[in-house]
Amino acid sequence: MAHALGHDEKTLAKVGAVGGQALIGALDPRIRIALACLFGIVTVALTTIPALVAALAVALGLLSVSRLPPGRTLKRMALMDGFILVMLVLLPFSVPGDAIFTLWGFPASWQGLWRAIEIGLTANAAILALMVLVGSMEPVMMGHALHKMRCPEMLVHLLMFTIRYIEVLREEYLRLRAAMKVRGFRPGTNWHTYRSFGYLVGMMLVRAMERSERILDAMKCRGFSGRILLMQEFALTRRDHIFAGAICVLCIGLLALDLAWR
Amino acid sequence: MHIVDGALSNPVVIAGAVAAAGGIAMGLRSLDLERIPTAGVLSASFFVASLIHVPLGPSSVHLILNGLAGLLLGWAAFPALFVGLLLQAVFFGFGGLTVLGINTLNIALPAVLAWMLLGRLIGGGSPVSGAVWAAIGGALATAGTTALVALSLALSGDEFLTAAKFVFFAHLPVIVIEALLTGFAVLLARKVKPELFATARGVPA
């Protein structure tokens, strides 16, 4: 996953770092989370290729009205494809059916090929819609929205802490790696490398624990009682209703297309 | 180790989501106000650790370290790893939405099992014996995750049997690396901060 991050790129967007109000950015975060779930479930339910192509088109359409940089978002999506490629390539050979060609005595079947395409389309459409609808909001905003959607308070706390400290800890990791590099450490497939990486992880954990003790003290000092205070109230507007209605109609359309083609 | 949307059959996805919700509930019940920062910062640490790429021959593998997460967090590993997977899916496009439950289960359940089996042994005895048990725990957790991923694929249809076997054998070297790194991480932590494994689970040092 580290490939997805450029060298100077932050792990998660900082509060207030995401500017500009494209269509999706102006919507209520709760609606965006709910619609991403709806779209994901509908997409997984689709089984025909035309319907899945349409679903991917909808996700791409959403991308074009969001403020996410299309190039980087699609690159991240493509990285996931590289990840599942092996499984997809194996499928034509493991599904019995009409042979397309034979490789080293293993026949590849049309049925398997279609199944692989189907999975590839589903995975891409669902994850792209999720990234566009939810991934385009500030991470902290997602925590608040989930809290408003009655997620357990403790889980939201965990989420907020993770969001807050990922970047801090990643910088610490990069600092430790730089210190290792300065001392002439070059990773390779050997005992020394694995021991050094193990110590690195151990050191990160020790520092993380010590950091968490300081955080707890600081929080207690400010009267932390476990309640989550919201920075803003969410309110549904006309625009939210229209957008939600449009996505619902699109979802019904996708399901109808799927049924018609079957 | 991520499974994507659309690959698994509905019963597997639904059963995974239900079981993961149960595990997350168990984990949240084991947390209290005092432990929120610890669990939160560790959850972020494991997210960062999963960004580390360790060389393996001509290629490299990224770490999971779910065994270490289980040994440190106990049941709280469930919500901590779930949060990591959620952020990966939403902001990085890794994994999927409907498979969040089954992915959480596949990674967190072996972690909790490793903790139940070996948790007590990590903090006791000499640092070296603690490290050896931790290495075994790390190997068990990663092997368990690999087996569960292969099982979820195999249960979803015969067409995935080849992929399931492939996933399992391809991850054998990863299991060895995870074991080594978990062991060395615990060795260092035991020497530098011996009370780590007691305080992380809320037991007074």
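- As recorded by an unreviewed UniProt entry, chain B carries the name Cobalt/nickel transport system permease protein and is attributed to Primorskyibacter sedentarius.
- We quote the UniProt Subcellular location (unreviewed entry) comment for chain B here in full: "Cell membrane".

- The name an unreviewed UniProt entry gives chain A is Cobalt/nickel transport system permease protein, with Primorskyibacter sedentarius as the organism.
- Its UniProt record gives chain A a comment under Subcellular location (unreviewed entry), which states: "Cell membrane".

### With respect to the overall build of chain B
Here's step 1: The secondary structure content of chain B amounts to 9 helices and 2 strands.
Here's step 2: Secondary structure elements of chain B, listed N to C terminal, follow the sequence α-α-β-β-α-α-α-α-α-α-α.
Here's step 3: Relative to a compact globule of 205 residues, whose C-alpha radius of gyration would be 17 Å, chain B shows 16 Å and is just as compact.
Here's step 4: Expressed as lengths along the three principal axes of its C-alpha atoms, the size of chain B is roughly 50 × 40 × 30 Å.
Here's step 5: Per-residue burial for chain B yields a buried fraction of 65% across its 205 residues.
Here's step 6: Residue pairs at least 24 apart in sequence account for 75% of intrachain contacts in chain B once pairs closer than 6 positions are excluded.

### Examining the UniProt feature "transmembrane region" (unreviewed entry) in chain A
Residue and element names in this part refer to chain A.
Here's step 1: Under the present numbering, the feature "transmembrane region" (unreviewed entry) in UniProt falls on residues 33–63, 83–106, 112–134 and 241–261.
Here's step 2: Counting secondary structure, residues 33–63 comes out at 90% helix and 0% strand; the distance between its end C-alpha atoms is 15 Å.
Here's step 3: The straight-line gap between the two end C-alpha atoms of residues 241–261 is 30 Å; of that span, 100% is helix and 0% is strand.

### Observations regarding empty space enclosed by the protein
Here's step 1: Inspection of every chain in the model, using the stated rule, returns 1 cavity of 30 Å³ or more.
Here's step 2: The calculated volume of the largest cavity comes to roughly 30 Å³.
Here's step 3: Along the walls of the largest cavity sit Val-201, Met-204 and Leu-205 of chain A together with Ser-45, Phe-46 and Ala-49 of chain B, which together make up its complete lining.
Here's step 4: Residue assignment for the lining of the largest cavity shows that the elements contributing at least two residues are helix H7 (191–221) of chain A together with helix H2 (36–49) of chain B.
Here's step 5: For the lining of the largest cavity, the residue count by class is 5 nonpolar, 1 polar and no charged.

### Points about the pattern of salt bridges
Here's step 1: Across all of its chains, the model carries 8 salt bridges over all chains by this definition.
Here's step 2: A salt bridge links Glu-210 of chain A to Lys-193 of chain B; its shortest N-O distance comes to 3.8 Å. Note that Glu-210 of chain A is positioned in helix H7 and Lys-193 of chain B in the loop between helix H8 (172–192) and helix H9 (196–199), a pairing that runs across two chains.
Here's step 3: Judged by its relative accessible area of 33%, Glu-210 of chain A falls in the partly exposed class.
Here's step 4: Relative accessible area serves as the criterion here: at 5%, Lys-193 of chain B is assigned to the buried category.
Here's step 5: Among the salt bridges present, the one from Glu-34 of chain B reaches Lys-220 of chain A, with a minimum N-O distance of 3.0 Å. Residue Glu-34 of chain B is located in the loop between helix H1 (10–29) and H2, and its partner Lys-220 of chain A is located in helix H7; the two belong to separate chains.
Here's step 6: Lys-220 of chain A sits in the partly exposed class, given a relative accessible area of 45%.

### Some points on the packing of aromatic side chains
Here's step 1: The final tally for this structure, using the stated rule, is 7 aromatic pairs over all chains.
Here's step 2: Their ring planes at 80° and their centres at 5.5 Å tell us that Trp-191 of chain A and Phe-184 of chain B sit as a pair that is edge-to-face. Of this pair, Trp-191 of chain A sits in helix H7 while Phe-184 of chain B sits in helix H8, each in a different chain.
Here's step 3: With a relative accessible area of 53%, Trp-191 of chain A lands in the exposed category.
Here's step 4: Judged by relative accessible area, Phe-184 of chain B falls into the buried class, the value being 11%.
Here's step 5: One aromatic cluster in this structure is built from Trp-191 and Tyr-199 of chain A together with Phe-184 of chain B.
Here's step 6: Its guanidinium or amino end placed over the ring of Tyr-165 of chain A, Arg-164 of chain A lies 4.8 Å from that ring's centre, counting from NZ or CZ.

Definitions and cut-offs
- Residues numbered from 1 in each chain as written.
- Chains lettered and ligands numbered in written order.
- Predicted model: local features only at pLDDT ≥ 70, side-chain atom pairs only at ≥ 80, totals over all residues.
- Heavy atoms only, no water.
- UniProt positions renumbered as here; feature names shortened; annotations may be inferred.
- Helix = DSSP H or I, 4+ residues; strand = E, 2+ residues; numbered from the N terminus.
- Rg over C-alpha atoms; globule rule 2.2 N^0.38 Å.
- Buried < 20%, exposed > 50% of the residue type's maximum accessible area, 1.4 Å probe, protein only.
- Contact = heavy atoms within 4.5 Å.
- 1 Å grid on protein atoms, 1.4 Å probe; cavity = no way out; pocket = protein on both sides within 12 Å on 5 of 7 lines; lining within 4 Å.
- Points joined across faces, edges and corners; volume = space filled by probe spheres on them.
- Nonpolar A, V, L, I, M, F, W, Y, C, P; charged D, E, K, R; others polar.
- Salt bridge = Lys/Arg side-chain N within 4 Å of Asp/Glu carboxyl O.
- Phe/Tyr/Trp six-rings, centres within 6.5 Å; stacked < 30°, edge-to-face > 60°.
- Lys NZ or Arg CZ within 6 Å of the ring centre and 35° of its normal.

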